Each structure stands twice: as structure tokens, then as C-alpha cells.
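Tertiary structure, described
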Amino acid sequence: MVSRVIPVDPFDLIIFGATGDLARRKILPGLFHRFTVGQMPEEARIVGTARSEMDNDAFRGVIRDSLLEFAPRAAEQTGLLERFLEKLSYVCVDVKGDQGWGDLAGFMRPDAVRAFYLSVSPSLFGEIAARLNENGIATPDSRIVVEKPFGHDLASARALNASLRQSFDEHQIYRIDHYLGKETVQNLMALRFANSLWEPLWNSTHIDHVQITVAESLGVEGRGEYYDRSGAMRDMVQNHLMQLLCLTAMEPPSRFQPNAVRDEKVKVIEALEPVAPSDIVRGQYRDRNGEGSYRDHAGDPNSQTECFVAMKVNVGNWRWAGTPFYLRTGKKLRARTSEIVVVFRDPPHMIFPKMEKHRGNALIIRLQPDEGITLRTTIKEPGPGGMRLAEVSLDMTFADALGSHAEAQDAYERLIMDVIRGDQTLFMRGDEVESAWAWIDPIIKGWEESETAPVSYDAGGSGPDDALMLLHRGGRRWREIEV
Ligand code: NAD
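Just so you know, these numbers come straight off a predicted model, no measurement behind them.

Here the focus is empty space enclosed by the protein. The gaps of empty space that remain are located by a probe, the size of a water molecule, rolled over the atoms. All told, the structure shown has 2 cavities of 30 Å³ or more when counted by the stated rule. Estimates place the volume of the largest cavity at around 50 Å³. Looking at the largest cavity, the residues that line it are Val 146, Glu 147, Lys 148, Phe 150, Arg 175, Ile 176, Gln 238, Asn 239 and Met 428. Considered as a void within the structure, the second largest cavity measures approximately 40 Å³ in volume. Along its surface, the second largest cavity is lined by Gln 238, Asn 239, Met 242, Gln 243, Ile 269, Met 428, Glu 432, Val 433 and Ala 436. Among the elements of the structure, α9 (232-249) and α14 (430-450) are those that each provide at least two residues to the lining of the second largest cavity. Looking at the lining of the second largest cavity, the element that brings in the most residues is α9, giving 4 residues.

If you want it as C-alpha cells, here you go:
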């Protein structure tokens, strides 16, 4: 398959926090990759800003080191690497002071796309937006990109939205959830809305339940104190898992256009029913092999923050009544894996002898580690010996099926190019974020009021037993977290 790269318009991209972890590990390597595949026009320019004093050469040196460390094959592409670095400039800006804004204003070209990437703490979003406006750097067409966490609860998300909207319109604001930039996530939309095969089956008549798992093998070592202020519900469920739930459950939009798609996602969130406390399991990993427990890493022996959540969620609408969605995410689990498993109902009448471990049809959409789609089906076991059934998988790993075309394009690079194109489809709209918090807030408040503690689970396992029971109660079971 021939790779098709559609060049974007010339742009001036300003990265705030350009010396930070996210910029060095994801944003600049992503931009470099787009440059190497020829998507970036000659006239594209990137300006890094941060608080430290340094000149262009010093900044390019920092980014050269980062690209050699984080960009695949940068070491073999030194010619391209140097040409890419020439596109970079640096302006020292203390966003709380006056320094640097005039230099930035002087840098901008009237006819290039303007984008501002705020890779800094959300506490600085409002201030940066206001100064871009006051200094005449922002125009009605320029774009502003903000990172998660987008609020801590509904009130703070509203305040953040209000502070951005004082200087930018909603159509200029790009709230990143990098899960939406993953190839498989977009493929979920293609699978559902570009094929006629699935739509007749995509409802509670045919689907028994859906499992959405985002499992991490790492704990919170090194950033436990920071993490302990948020927890899995705020850090993962409110954004990544809810986005996956929305894309799986949404109605077909009338067009593949930003607001048409996002309207349908908001409707899913608004249809979510309150969750009974008995349908949620919270957990913390305990020590194994002396690596330390969650509480050790959080630095608080009494921490009540969950680093694991499993919950049964009901989408209260005609399509999904009677088909629960089970969400699960946690730290220090058996493997790092993200997947959506759509489990179909059993045939209404089985004419064959029952298989011992019959699990039935399931469509498995893998987001990581190797993106792809698997359809679990039942066939006759080959060979003599009567009519014995076996499960087989129709498997499509993108890397195998599509070859170099599927070559890892990081979610960030796709999303940054969407910003330059002015396409908001894969970004969260303000009301979407607020609706998600409006549903999450009472759950967290309920935990705080009940003062129930998270249950503990073995590091390196599948999470607490209670999470297994959550499905067993309904005669179901989780798909194993595969190593
Ligand atoms: P970081 O602490 O590594 O970097 C922060 C950057 O902001 C630095 O370049 C620093 O110089 C700059 N900065 C801080 N205060 C400033 C000021 N007053 N004026 C000018 N510049 C200032 O943080 P990070 O890990 O790169 O994260 C950046 C943002 O992205 C945060 O909102 C974070 O929550 C979010 N995020 C990060 C990751 C990640 O993988 N690192 C993932 C998702 C979201």
C-alpha cells in the first residue's frame, strides 16, 4: 500500500513549555517525524518558549539530544535532523511577566497558520491565552492547544473553559486527548460507519456487554505524590476511557465533521446513568518483591486514592438498554494493554455439544501494544472425531496487514497536523469535558462521603478480586490481560 502524505499549509507553531518532558518526548519527535515523511512545508517554523535564558543554538542542542533519544531512527537521519533543527527558534518567555511577548509578536507572519501549543501546567492556560490576545499575537483564526488534565472537577473545568474563552472562541480551542489520535480509535469509527456489516448488530439485541480496559504495568514510582492528588478516576476514566466509551456507543453522525461527531459523543455522556456504589471497585496495589506498594510510592501510608477502578456503566438509551459497559483501568497490572472488547450474545439455541470454555463471538479492538482488530469466532475443530467446536481468531494486526503504511505514527503527530489543518474532530469540545465531569463528580463525592477505602490487589496481577466478581455477578468474565 502506498503511503499518502498530504502536505499542510505553512505554519508558525509556538510551543510553550518547549523544554519540558512532553515537548521533548512527544511533541518535537512527532513534528520531526512529520518532517521526515515530507508533510511539513518548507515555510513551516517552530518556536520554543520556556523560562530559561538560552539562544537558538542552545535550544537546538537540547532538542537534538531529545530527538536522538526519543525519535525512532533520528540517529540514522542526521541530514534531515539538522534541516529540521534549522526550523526551530527559541524565545525566552516568562508567562507571568512581560519578557518575550514582543519578540514573539515580531516573529509571527501574517499569512501563515498560527498555532499555540500550551505544554505547561493548566494553571497557566488562562494567563497565556490573555497575553497572546493583549499582545496582538492571537488572531481570530489562530489555534490554541491545551493538554490534560482539563480540570479537577466540574467547577475547575468550567473555570478553565471560561478563562480560555475570554481570549479564544471555542472553534479555536483544541483540547488534546491523545487516545483520540490513535489509529485504532479512528478505525473504530471507520469500522462502524464505513461498513454495513456491523450496524445491524451494534445494539443490545446482539451485544451482551462491552469491556474497555486500559491496563498499565508500571506503578506510580517517582510521581506518586503528584498522582495521589488525582487518582485513576480523574487521570484515566474521565478522559481516555470515556472517550473510548463514547466512540463505541455513539449514534452514527450525519457527517464526519467535528461538531457532528462531537454532538453524538456528548449525547452518550448525557445518557450515562448514575453508577451504584456496588457497581464500582477501587483498588491500590500492594507490595510485591520489595518494589513498594501504592501507598509507599504515594508517600502517604493512609492514602485513599485509587490507582485502579473497575465499574459497570449503563448507557440509558434505546440502543444500549440492557447492555452494560464495563470499564477497567489500573497501575501495576500484568501488562500494558488497552482494548475494547465487544462481546456478542450467544446463539439463541445451540445445536452442538457445549464446548468446555466457550466464550462466544467477540470483536476485540486493540489500541496497544500492537494496534489491530480481532474477531473471535467459533468453527468446527478440524479433523475426525465428530462435531467438536473450537474458537479461532480472525486477526488483523495493522502492522502486518498494512505494512509500512501502518508504520507507527504517534497519536501526537497526527493530532498536531489536525491542528494545523484546523480539524477539531479528534479534540474534546468544552461541553463534552464538562458533561464528563458532571457525571464523574458525584461518584468521587460519594467515595469521599462514605469514607470507604480502596481494596488492595497484587502488583503484576489482574486487579482486585472484587473486580472479577463485578462481572461474575452477571455471569460474565473479563478478557485476560495478556502479556
Ligand atoms: P514539565 O514540568 O516537564 O515542563 C513544563 C514546561 O513549562 C517547562 O518547559 C517549563 O520551563 C515551562 N514553564 C513552567 N512555568 C513557566 C512559566 N512561568 N513561564 C514559562 N514557562 C514555564 O511538564 P510536562 O511533563 O512537559 O507537562 C506539560 C503539560 O502537559 C502539563 O499540563 C502536563 O499535565 C501535561 N501532560 C504531560 C504529559 C507527559 O507525558 N509529560 C502527558 C499528558 C499531559
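Alright, that's what it looks like, and here's the rest.
Formed by 144 residues in total, the largest nonpolar core has its most connected members in Phe 16, Leu 31, Phe 116 and Met 311. No other element matches the 11 residues that α9 contributes to this core. Mapped onto the domain boundaries, this core takes at least three residues apiece from domain 1 (11-147) and domain 2 (180-407 + 427-472). Contact partners of Met 311, with chain neighbours within four places excluded, come to Met 233, Val 237, Val 275, Asp 279, Ile 280, Phe 325, Tyr 326, Leu 327, Trp 439, Ile 443 and Leu 470.

Turning our eyes to something else, we now look at the sheet that holds strand β5 (residues 143-146). Backbone hydrogen bonds are what pair the strands of a sheet, in a parallel or an antiparallel way. What the 6 strands build is an open sheet, ordered β3-β2-β1-β4-β5-β6; its pairing is parallel. Both outer strands of the open sheet, β3 (88-92) and β6 (173-175), are each paired with one neighbouring strand and no more. Taken pair by pair, the neighbouring strands of this sheet meet at an average axis angle of 20 degrees, ignoring direction. As paired strands, strand β1 (residues 11-16) and strand β4 (residues 113-118) are joined by 6 bridges and run parallel to one another. When the bridges of β4 are listed, Asp 12 appears paired with Arg 114. With respect to the sheet, helix α1 (residues 21-36) is in contact with β1, β2 (45-50), β3 and β4, its orientation differing from that of β1 by roughly 170 degrees.

One can read the domain layout of the protein chain as domain 1 (11-147) and domain 2 (180-407 + 427-472). Here domain 1 and domain 2 have C-alpha centroids that lie 34 Å from each other.

Turning our eyes to something else, we now look at a nonpolar patch on the surface. On the surface, a cluster of nonpolar side chains totalling about 370 Å² of accessible area is made up of Met 350, Ile 351, Phe 352 and Met 387. In this structure, Ile 351 sits in the loop between β11 (337-344) and β12 (362-368). Assessed through its relative accessible area of 64%, Ile 351 is described here as exposed.

Moving on, we get to the pairing of strand β7 (residues 207-215). Side-chain positions along a regular strand alternate between the two faces of the sheet. The element β7 is extensively covered by neighbouring structure, given that 9 of its 9 residues are classed as buried. Pairing of β7 with β11, which is carried by 8 bridges, proceeds in the antiparallel orientation. Bridged to His 209 within β11 is Val 343.

Attention now goes to the environment of Val 120. Residue placement: Val 120 occurs in the loop between β4 and α5 (125-134). Along the backbone, Val 120 and Ile 365 are 245 residues apart, and their C-alpha atoms lie at a distance of 32 Å. Ignoring any residue separated from it by four or fewer positions in sequence, one finds Val 120 in contact with Phe 16, Gly 17, Phe 125 and Ile 128.

To continue, consider the packing of α1 against helix α3 (residues 78-85). Following both chains from N to C, one finds α1 and α3 inclined at 115 degrees, their axes separated by 10 Å at the closest point. On the basis of their axis angle, the class for α1 and α3 is roughly perpendicular. Crossing angle aside, the handedness with which α1 passes α3 is right-handed. Two secondary-structure elements touch here, α1 through Leu 28, Leu 31, Phe 32, Phe 35 and Thr 36 and α3 through Leu 80, Leu 81, Arg 83 and Phe 84. Classifying every residue of the contact of α1 with α3 by side-chain character gives 7 nonpolar, 1 polar and 1 charged.

Thr 19, Asp 21, Leu 22, Arg 25 and Val 120 are the nearest of the 20 residues found near the ligand. Asp 94 places a side-chain nitrogen or oxygen 3.2 Å from a nitrogen atom of the ligand. In the complex, the protein chains occlude 74% of the 830 Å² of accessible area that the ligand would expose alone. Considering only residue class, the shell around the ligand consists of 9 nonpolar, 5 polar and 6 charged.

Turning next to the environment of Phe 344. The residue Phe 344 is located in strand β11 in this model. Here Phe 344 falls in the buried class, since its relative accessible area comes to 9%. Note: C-alpha distance between Phe 344 and Gly 446 (102 residues apart in sequence) is 33 Å. What Phe 344 contacts, discounting residues up to four positions off in sequence, is Trp 198, Leu 201, His 206, Ile 207, Asp 208, Asn 361, Ala 362 and Leu 363.

Reading the values: the criteria
- Residues numbered from 1 in each chain as written.
- Predicted model: local features only at pLDDT ≥ 70, side-chain atom pairs only at ≥ 80, totals over all residues.
- Heavy atoms only, no water.
- 1 Å grid on protein atoms, 1.4 Å probe; cavity = no way out; pocket = protein on both sides within 12 Å on 5 of 7 lines; lining within 4 Å.
- Points joined across faces, edges and corners; volume = space filled by probe spheres on them.
- Helix = DSSP H or I, 4+ residues; strand = E, 2+ residues; numbered from the N terminus.
- Core = buried A, V, L, I, M, F, W, Y, C linked by side-chain atoms within 4.5 Å.
- Buried < 20%, exposed > 50% of the residue type's maximum accessible area, 1.4 Å probe, protein only.
- Domains from an automatic or database assignment.
- Contact = heavy atoms within 4.5 Å.
- Pairing = 2+ DSSP bridges.
- Axes fitted to C-alpha atoms, helices over the stretch in contact; angles between N-to-C directions.
- Patch = residues over 30% accessible without salt bridge, like charges linked within 9 Å, V, L, I, M, F, W, Y side chains within 5 Å.
- Areas by Shrake-Rupley, 256 points an atom, 1.4 Å probe, with all protein chains shown as cover.
- Salt bridge = Lys/Arg side-chain N within 4 Å of Asp/Glu carboxyl O.
- Parallel < 35°, antiparallel > 145°, perpendicular 65-115°, else oblique.
- Left-handed = near helix turned anticlockwise from the far one by under 90°.
- Nonpolar A, V, L, I, M, F, W, Y, C, P; charged D, E, K, R; others polar.
- Near = heavy atom within 4 Å.
- Polar contact = N/O pair within 3.5 Å; in protein donor to acceptor, adjacent residues only side chain to side chain.

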